[in-house]
Amino acid sequence: MATKTIDANMLAKMFLAGAQNIEAKKEFINELNVFPVPDGDTGTNMTLTILSAAKEVTALADVDMKNLAKAISSGSLRGARGNSGVILSQLLRGFTKSIRDEKEIDTAALAAACQRARDTAYKAVMKPKEGTILTVASGIADKAAELALETEDLEEFIPAVIEHADEVLQKTPEMLPVLKEAGVVDSGGQGLLEVIRGAYDAFLGKEIDYSAIAPAAGNSTAVKVSVEEEKEIKFGYCTEFIILLEKEFTENDEHELKAYLSSIGDSIVCVADDEIVKIHVHTNDPGLAIQKALTYGQLSRMKIDNMREEHREKLIRDSEKLAKEQAEAEEAKKTAEPKKPMGFITVSIGDGMNEIFRELGADYIIEGGQTMNPSTDDMLKAIDQVNAETIFILPNNKNIILAANQAKDLVEDKEIIVIPTKTVPQGITAIINFVPDADAKSNEETMLDEIKNVKTGQVTYAVRDTHIDDKEIHQGDIMGIGDAGILSVGQDIAETTLEMLEQLVDDDSELISLYYGQDVTEEEADAFTQEVEKLYPDIDVDVHCGGQPIYYYVLAVE
């Protein structure tokens, strides 16, 4: 029998299953990244983005299409990290805007939502590039529109869309030469496909372990899998234990046990190994579950939580927290100082780098960058803390600029100007050239002009084998990375850095700034600086302790 519609409860399950699936596949997606650097990668960023929305969804007391759409859109927008996460949040934003007023979704509504998702994401990217997650999203939209004219059966529609999305993904190396050279498909496109595959599993009724997206509750391992939480909790006791098997636990035994647990409760997880079986069930009679389990062996790590009591306590805690926050907000309004004309937020990591920005006048430093891209919500919280009419944001990483711009679009009471600094040296140059007596527009123009004169090099190690920029790279190699790609590869940090520096310095160069990381000693940095001064006697050389992780040296040539 054909399935022609999806209601809000089913869509919520599908969304959470999609989040669960990309969380499970994030390391695989990370491995597809072209640059083999030890960064917070695509899989991680997309997972953190969608998990932020998943937490909003699991917190819903009543699920209808409108509040589900709001939870997904708001949660993903605020939690977006990295370019891939921001694009995913825009896809979800467009999709949910399209379906929020529907009672149920059919193939035509799904097709319209996929098209709006595609259009919203493309608009969010200043220079859309084909061969990326956007291309896969576009392929999904086109195929969905075609299929909506041919079938009303979602059981035909969804797998056909997934199959086409995979075909488009496999073609991305032909669209982006850098993917073909590295021998990988686009990681963002792969991430999007994993979300949809997970959603389809839930649509088919497959058993999903939602533990990765369950809200944290101390050290509890309780699994919250039901999004249609009722005002009155149907099964009151979250029951968990491990069966230490005393006899063979066959596939028939597993089906029998699951069927029994289903008869006395819900939210069932039954994971069997050769010697143990892990059980989780929500039930009104934990004793029945325990009695049944004892027929298979001894029990260990038993835990029973009263969910009704926990729910009441949570409501009390939440109301107390809200009252406190409102009181603090009112008090802050009363004592607020007048806003200064302009302020700065910068993204930085490493004690030395942070101190440099503080000395140059940064009002708020967001810890992050290469190893962890800050979310849009991190940006919004920082904006709240800076008491200025106009705030300049220095992302200092190309993978953070979209999140900063997304935060800018969500702020109404302050003017936000994002200076698209792609590296820390560009950020330092921007803030150095800030003139307090000039207006915001003049300062923006000056900073944009000055960062164009900064050539940046960063030295780190490879986390996997790959071939890129006509260079064969092996795990553990030292890499010198310039603004446009990998400039040098070697075994020695100093030699690789000098080889990179040679490609950055030209006849117009006047200053080399060196920032050494936490894995380089002061003595090593001083010795290296002396080598640089000998090679370039007519250029000023400054050395600073950056204290940054991952990168042995970050340097700027101006």
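The structure contained in this document is the topic of the report that follows. Everything quoted here is computed from the prediction, not taken from an experiment.

## A look at the nonpolar core
Core analysis: the biggest nonpolar cluster contains 75 residues, and Phe 15 and Ile 158 have the highest contact counts within it. Of all the elements, helix 1 (residues 8–30) adds the most residues to this core, at 10 residues. Sequence-distant contacts of Ile 158, defined by excluding residues within four places in its chain, comprise Ile 6, Met 14, Tyr 200 and Phe 203. Counting residues in each nonpolar core, the second largest holds 23 residues, with Leu 394, Ile 419, Ile 451 and Tyr 515 among its members.

## With respect to the sheet that holds strand 14 (residues 478–481)
The mixed open sheet is built from 6 strands, whose spatial order is 15-14-11-18-16-17. A single partner strand is all that each edge strand has here, and the edge strands are strand 15 (486–490) and strand 17 (540–545). Neighbour to neighbour, the strand axes of the sheet diverge by 15° on average, direction disregarded. Here strand 11 (residues 455–461) pairs with strand 14 via 4 bridges, running antiparallel. Bridge assignment links Tyr 461 to a residue of strand 14, and that residue is Ile 478. Strands in contact with helix 16 (residues 424–432) are strand 11, strand 16 (511–516) and strand 18 (553–557); relative to strand 18, the strand with the most contacts, it is inclined by about 50°. Most of the contacts of helix 18 (residues 493–504) go to strand 15, to which it runs at about 155°, and overall it touches strand 11, strand 14, strand 15, strand 16 and strand 18.

## A word on the sheet that holds strand 8 (residues 364–367)
Within the open sheet, the 4 strands sit side by side as 8-7-9-10. Their pairing is parallel. Pairing within the sheet leaves two strands with one partner each, and these edge strands are strand 8 and strand 10 (415–418). Strand-to-strand, the axes of this sheet are offset by a mean angle of 20°, without reference to chain direction. Two strands pair when backbone bridges link them, and strand 7 (residues 340–348) and strand 9 (residues 388–394) are joined in this way by 6 bridges, in the parallel orientation.

## Here's the deal with the packing of helix 1 against helix 3 (residues 65–79)
Look at helix 1 against helix 3: their axes get within 9 Å of each other, and the N-to-C directions meet at 20°. The pairing of helix 1 with helix 3 is recorded here as roughly parallel in orientation. In the packing of helix 1 onto helix 3, the handedness of the crossing is left-handed. Taken together, the residues of helix 3 that come into contact with helix 1 (itself represented by Ala 8, Leu 11, Ala 12 and Phe 15) are Met 65, Leu 68 and Ile 72.

Quick notes on the rules
All residue numbers refer to positions counted from 1 along the written sequence of the respective chain. Whole-chain, interface and lining totals are the exception, using all residues; otherwise, since this is a predicted model, local features are given only for residues with pLDDT of at least 70 and side-chain atom pairs are given and counted only at 80 or more. For the side-chain quantities, the full set of heavy atoms in the structure was used; hydrogens and water were omitted. The definition of a nonpolar core used throughout is a set of buried Ala, Val, Leu, Ile, Met, Phe, Trp, Tyr and Cys residues joined through side-chain atoms within 4.5 Å. Relative accessibility decides the category of a residue: with a 1.4 Å probe and only protein chains considered, values under 20% of the type maximum give buried, values over 50% give exposed, and everything between is partly exposed. Starting at the N terminus, helices and strands are each numbered in turn, a helix being any DSSP run of H or I of at least four residues and a strand any DSSP run of E of at least two. Contacts were defined at the residue level, with two residues in contact if any of their heavy atoms lie within 4.5 Å. In this analysis, strands are considered paired if DSSP registers two or more bridges between them. Lines are fitted to the C-alpha atoms to define the axes, a helix being fitted only along its stretch in contact, and any angle between axes, read from their N-to-C directions, falls within 0 to 180 degrees. Oblique is the label for every angle not falling under 35 degrees (roughly parallel), over 145 degrees (roughly antiparallel), or within 65 to 115 degrees (roughly perpendicular). The crossing is said to be left-handed when, going from far helix to near helix, the turn is anticlockwise and less than a right angle, and right-handed when the turn is clockwise.

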